Amino acid sequence: MAELESEMGDGSTPDITPLTAEDGRRLPLSAFTVLAGGDVFESGRGQPPADGPRRARAWFQAKVELKAHGAPAALLQRVEGDMVRQLAGNLPLIGRMEAARPLEVDLIPPGQPLARYGYPRSVSPRAAGLFWVQPEWARARIALRQDLLEREPHLVFHELAHAIQGLAFTEEENALVYRTLQRTYRVRARMDEVFALYSEREFVPAVTAHDLRAPGVYGMARQRWNEEHVFTRFVRLLYFPYKPLAGPGVSRSGQGASSFG
């Protein structure tokens, strides 16, 4: 069923606004060399950028409109903290989000349908959150269910990953992502979820039995996740370019990594 393979019951995907090729060249992300098959040179254990948290928080304050819809202050602080943490390790990624479309984040009250807040009616009732954008919207939007935020520590990271892919990757870079995932996951909606699932794992490494039993692509991708996957290395380098690449026995050409899937 489509609702098990994406956050949309009909399998539809948002009308994303890729980063311009010019901004991509101005703010290159070395992580894409992993997917393109180029050499990857490790610098050993580096340090996170000292200015990362300040820059990420400034992006949040300037580009994110957070709508509480009655949510307590602690949840608002949680959302801001998670988003800042997700971006803080990579200054070019922050720069791309600064250049990208702004975001609106809705904290949806318990029991309320997302459609009541302007999201598509076809969103799956199982969805804990949603990233969505339409051409006529001034801002891209993220919905997060308040009650599930309290139980799912990966939720903010998952939905912001969708926004990063939809707004801060160029069209050519997204094509590299899909080329890597297509043999195993085949359709765009599932591949988008896999990127978000691998992203959340970098920030919430603990995976519960409930997570592994999740329906459709959600449980499958979590079960298949492997430290040695090329895709794991790509995602880690995206968020933490100062860390050693994922997997054992990494050479500068990336040999030793398994194919995805």
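Anyway, here's the lowdown on the structure attached to this text. The shown structure was predicted, so the numbers you read here are calculated from the model rather than taken from an experiment.

**Some thoughts on the packing of aromatic side chains**
Consideration 1: The tally for this structure, following the rule as stated, stands at 12 aromatic pairs.
Consideration 2: Ring geometry for Phe 195 versus Phe 234: centroids 6.3 Å apart, planes at 45°, classification tilted. Pair noted here: Phe 195 is in helix α9 (residues 188–203) and Phe 234 is in helix α12 (residues 230–239), with a separation of 39 residues, a long-range link.
Consideration 3: Judged by its relative accessible area of 0%, Phe 195 is buried.
Consideration 4: Just above the ring of Trp 137 sits the side chain of Arg 141; from NZ or CZ to the centre is 5.2 Å.

**Some points on empty space enclosed by the protein**
Remark: the empty space left among the atoms is shown by a probe the size of a water molecule rolled over them.
Consideration 1: Scanning the entire structure with this criterion turns up two cavities of 30 Å³ or more.
Consideration 2: Empty space within the largest cavity amounts to approximately 170 Å³.
Consideration 3: Forming the boundary of the largest cavity are 19 residues, of which Thr 13, Pro 14, His 162, Asp 192 and Glu 193 lie nearest the centre.
Consideration 4: Going through the elements one at a time, β3 (129–132), α7 (155–168), α8 (171–185) and α9 are the ones with two or more residues in the lining of the largest cavity.
Consideration 5: By volume, the second largest cavity amounts to about 100 Å³.
Consideration 6: Lining the second largest cavity we find His 154, Leu 197, Tyr 198, Glu 200, Arg 201, Val 204, Ala 206, Val 207, Asp 211, Ala 221, Arg 222 and Trp 225.
Consideration 7: Those elements that provide at least two residues to the lining of the second largest cavity are α9 and α11 (216–224).
Consideration 8: Ranked by the residues each element gives to the lining of the second largest cavity, the list is headed by α9, at four residues.

**Structural notes on helix α3 (residues 52–63)**
Consideration 1: Relative to the 16 Å expected for 12 residues at 1.5 Å per residue, α3 spans 16 Å between its end C-alpha atoms, a close match to the ideal helical length.
Consideration 2: Turning to α3, the residues buried within the fold contact β1 (64–67), α4 (73–87), α5 (91–99), β2 (103–108) and α7.

**Observations concerning α9**
Consideration 1: Taking 1.5 Å as the rise per residue, α9 with 16 residues should run 22 Å; its terminal C-alpha atoms sit 24 Å apart, in good agreement.
Consideration 2: Most of α9 is tucked away, with 15 of its 16 residues classed as buried.

**Quick look at the nonpolar core**
Consideration 1: Formed by 68 residues in total, the largest nonpolar core has its most connected members in Trp 59, Leu 103, Phe 231, Phe 234 and Tyr 239.
Consideration 2: Top element by residues in this core is α7. It accounts for nine residues.
Consideration 3: Counting residues in hydrophobic clusters, the runner-up holds 11 residues, among them Met 8, Ile 108, Tyr 117 and Tyr 119.

**Some words on the packing of α8 against α9**
Consideration 1: Look at α8 against α9: their axes get within 9 Å of each other, and the N-to-C directions meet at 115°. One element, α8, and the other, α9, form an angle in the roughly perpendicular class. As α8 packs across α9, the resulting crossing turns out to be right-handed. For the pair α8 and α9, contact is made by Tyr 178, Leu 181, Gln 182, Thr 184 and Tyr 185 and by Arg 188, Arg 190, Met 191, Asp 192 and Val 194, respectively.
Consideration 2: Tallied by class, the residues present in the contact of α8 with α9 amount to five nonpolar, two polar and three charged.

**Things to note about the pairing of β3**
Consideration 1: Burial along β3 is two-sided: the face carrying Gly 129 and Phe 131 and the face carrying Leu 130 and Trp 132 are both buried.
Consideration 2: In the sheet, β3 pairs with strand β4 (residues 140–145) via four bridges, with the strands oriented antiparallel. Looking at β4, one finds that Phe 131 is bridged to Ile 142.

Cut-offs used in this document
Residues numbered from 1 in each chain as written. Predicted model: local features only at pLDDT ≥ 70, side-chain atom pairs only at ≥ 80, totals over all residues. Heavy atoms only, no water. Phe/Tyr/Trp six-rings, centres within 6.5 Å; stacked < 30°, edge-to-face > 60°. Helix = DSSP H or I, 4+ residues; strand = E, 2+ residues; numbered from the N terminus. Buried < 20%, exposed > 50% of the residue type's maximum accessible area, 1.4 Å probe, protein only. Lys NZ or Arg CZ within 6 Å of the ring centre and 35° of its normal. 1 Å grid on protein atoms, 1.4 Å probe; cavity = no way out; pocket = protein on both sides within 12 Å on 5 of 7 lines; lining within 4 Å. Points joined across faces, edges and corners; volume = space filled by probe spheres on them. Expected span 1.5 Å × (residues − 1). Contact = heavy atoms within 4.5 Å. Core = buried A, V, L, I, M, F, W, Y, C linked by side-chain atoms within 4.5 Å. Axes fitted to C-alpha atoms, helices over the stretch in contact; angles between N-to-C directions. Parallel < 35°, antiparallel > 145°, perpendicular 65-115°, else oblique. Left-handed = near helix turned anticlockwise from the far one by under 90°. Nonpolar A, V, L, I, M, F, W, Y, C, P; charged D, E, K, R; others polar. Pairing = 2+ DSSP bridges.

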